[in-house]
Structures are given as C-alpha cells and as structure tokens.
Amino acid sequence: MPTKFFLLLLLAVSSVQAQAKETPADNYKAYCVQCHGSGGTGKGVNVRDMSVVPRDHTDAKSMSGRSDETLFKAIKEGGTSINKSILMPPWSATLSDEEINDLVQYLRMLCKCKFG
Amino acid sequence: MKRVFIVALLGLSAATFAEGGMLQGNCSTCHNIKGPAAQTLNAAFEKKGPDLFYAGNKYRQEWLVSWLQKPDRIRPAGMYYGGHIKVGAKGDEIDTSTLMNHIALSKADATSVAAELMKMKPHDDLIAKEKIEPGTISMQMGEMAFNKFLGCMACHLIEPEYGGLSGPELYTAAKRLQPQYMASFIRAPQVWEPKSMMPNKNLSDANIQKMVRYLESLSKEAANAN
C-alpha cells in the first residue's frame, strides 16, 4: 500500500516533466515574448496598459543584479515571490524545473551577463 | 477483437461524417476536432483556431449559433500571438495584415454546426468536478482582482480598450463559455491544453468562484452596453 501511494505521488509530481522537454528558445517565444517582447527588451505586445513595465532582459546592469536562483524563482513562482509585479505569473504548471533552468541560462545569453 | 474494434470505429466515423460533414470538412482545416490537444509547442504554434474537440464542454450553444453567423475577433493577436506581431516604434504590435477572419455561416448551417459541436464532450469528468455557487461580487472588487491581485489584464482585455492582447478578451468570456468550463480552465489550464499560454495561478476554490461570478457580471454589463 505505501508503495502504491509513493508511485501515485511520484506520478503527480512528475506530471509536468512527463511532457517532452522544449527548447528554451521555444519556451521564451511561447510564454515570455508576449510581455518581454520579441527582442527581449520588455516591449511586448501586451504592455500598453501595464502599470509596471516588464523587465528588459537585454539590460546587463539590472539583470546582473539578480542571481540565477532569483530568476528561477521569479519564473517558477511568479513576480510576487521576489517582491516584484503580479503581472509576471507563476509558470510552475507550464514548465518543468529543467526547462526553467534552461530559461535562466537563456536569459544570461540575452543579457550577456552573469550575477554580480 | 481487433476486427470488432475496427468495425466499431468505421461505424462511428461514418455516423460522424454523415451528421457533421461541415465539421469534418471546412472546420477541421483550422480547428482540431478530434483531439488530443497539442502536446508540443511546435504543434501549438501552428494552431489557427481553438480546439473544438471538447466544444460541448466549453461553449454556450446559443452563443455558437449567433457567433458563427456573425463572427468577430475574440483574440486580438490571433490564436498564437507570435505569428501575428511586428516590431513597431514603441515595441511589438499586432500585424493585422496577417490575421484571418472567420467565415460566416448561414443561420441553418450555424444551427446545425453548433448542435454537432455541443455533442463533443470528452471532458464531462472535469466539468462534473466544478460547482458554481450562486452569489454576487462587487464589480469594483472584481476589477481590482483582475488588475492588481491576479494580473489577468497582463494578457487579456478586461474592457474593450483595456488590457493585454495575447489572450482572448475576457469581458465577453461568460457570453461564450459555460461557467463550469471557466472554473475548470482557471483551476488547471494545462489539464485542458498542456501547451496553453494561460498560467495556473493556483487560485483557491473561493477565488475561482469569485472570478467566474465576476466574468458573468462583466459579460452582462458588456451586453447591456451594446
């Protein structure tokens, strides 16, 4: 019985991971570009009426002020998890941890920067 | 056993074809009418219109009948916004030249297509899990939630000229959609469409109820304004 429960639990936890892994470029295109823009500069098609403008991912200065862990958390749990805007939603049900890690590296490529 | 299965399948498709010729023909060019939902982003990027294979779990029949005769755009940037944007002076903007209009059907065709669509209910189980309790929500609170507490406006128009453009407009949502579907989709968008652009905001039951009620009031308000 406990084994069965464990298996069920494992199945529930891994439900996102069960999907084939997408490339960070495709995930960015699908979920990030709508607000952060096709150039990653924060000028997406959705921003017209926003009270807070989305982060410019090419801005090395502000992006180097955030650790990989902070970026991971913002993507997974949403803007409010790092005291930023509610307009950045949590993507935990959409992306696997692995895909989020890939996206963090993708962001580092866009900003051509590291933390610190 | 295999033969029985094939015969059953043939019987089924013949029946569907006879009844839903238009669905099989015209509609299926742009809509997924058989399922399953797109399992990869590449498949999702290619979508030209919403999936219809669970239309009977999703739409209000009377709305289908009227919309199919006089279709107007529900998603300002098309089904997948990425295929319909261009870089403008202030950033990305919608490239309207790439958007296609939905064909209009006669009253008779709209009525029969809507009736066929309403039979397509593979997700009755998900719908049965939702119960919308009657109640009210102040329009002001609802608007605050859409704007400040939940951030729905980032991607959705919550008024004709206010909000984001990548998602479907919300101020007409309840006119189009069944309340239990709205609740179920808000609760877990990926259960309906694994590659949905709608994030799961982990709303509590109480908040889901409130949002559905607000969407219902919003649509009534929009209808009165027309």
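Relevant structure appears above.
In what follows, the accompanying structure is described.

Parameters and conventions
Each chain carries its own residue numbering, running from 1 in the direction its sequence is written. Lettering of chains starts at A and numbering of ligands starts at 1, both following the order in which they are written. For a predicted model such as this one, the threshold for reporting local features is a pLDDT of at least 70, and the threshold for listing and counting side-chain atom pairs is 80 or more; totals across whole chains, interfaces and linings nevertheless cover every residue. Excluded from the side-chain calculations are hydrogens and water; all other atoms, namely the structure's heavy atoms, are used. Think of a salt bridge as a Lys or Arg side-chain nitrogen and an Asp or Glu carboxyl oxygen that are within 4 Å of each other. Numbering of helices and strands runs from the N terminus; a helix is a DSSP stretch of H or I covering at least four residues, while a strand is a stretch of E covering at least two. Here, the term disulfide refers to a pair of cysteine sulfur atoms separated by no more than 2.5 Å. Buried residues are those whose accessible area, probed at 1.4 Å on protein chains only, stays under 20% of the maximum for their type, while exposed residues exceed 50% and partly exposed ones sit between those limits. Classification of ring pairs uses Phe, Tyr and Trp, with its six-membered ring standing for Trp, and accepts pairs whose centres are within 6.5 Å; under 30 degrees between planes counts as stacked, over 60 as edge-to-face, and the remaining range as tilted.

Turning next to the pattern of salt bridges. Side-chain pairs of opposite charge can arise whenever the charged atoms involved come near each other. All told, the structure shown has 15 salt bridges over all chains when counted by the stated rule. Close ionic contact of Asp-102 of chain A with Lys-21 of chain A constitutes a salt bridge, the shortest N to O distance being 3.0 Å. Of this pair, Asp-102 of chain A sits in helix α5 (residues 97–111) while Lys-21 of chain A sits in the loop between α1 (2–13) and α2 (24–36), placing them 81 residues apart in sequence. Of the charged contacts, one joins Arg-187 of chain B and Asp-205 of chain B as a salt bridge, the two residues approaching to 2.8 Å between their closest N and O atoms. Taken as a pair, Arg-187 of chain B in helix α10 (residues 179–187) and Asp-205 of chain B in helix α12 (residues 205–225) lie far apart in primary sequence, 18 residues in all. Each of the salt bridges in this network shares a partner with another, and the network as a whole consists of Lys-21, Glu-98 and Asp-102 of chain A.

So, about the state of the cysteines. All names here are of chain A. The full count for this structure, using the stated rule, is one disulfide over all chains. Across the disulfide, Cys-111 is cross-linked to Cys-113 (sulfur-sulfur distance 2.0 Å). The S-S bond linking Cys-111 to Cys-113 shows a torsion near -85°; that makes this disulfide left-handed. We note that Cys-111, like Cys-113, is buried.

Note on aromatic pairs: each is described by the distance of the centres and the angle between the planes. Residues and elements named next belong to chain B. If you walk through the whole model with that rule in mind, you get 12 aromatic pairs over all chains. Between the aromatic rings of Phe-146 and Tyr-214, the centroid separation amounts to 4.7 Å while the plane-to-plane angle is 85°, which identifies the pairing as edge-to-face. A residue pair is termed long-range when its members are at least 10 positions apart, and Phe-146 in helix α8 (residues 139–149) and Tyr-214 in helix α12 qualify at 68 residues. Overall, the relative accessible area of 2% leaves Phe-146 in the buried class.

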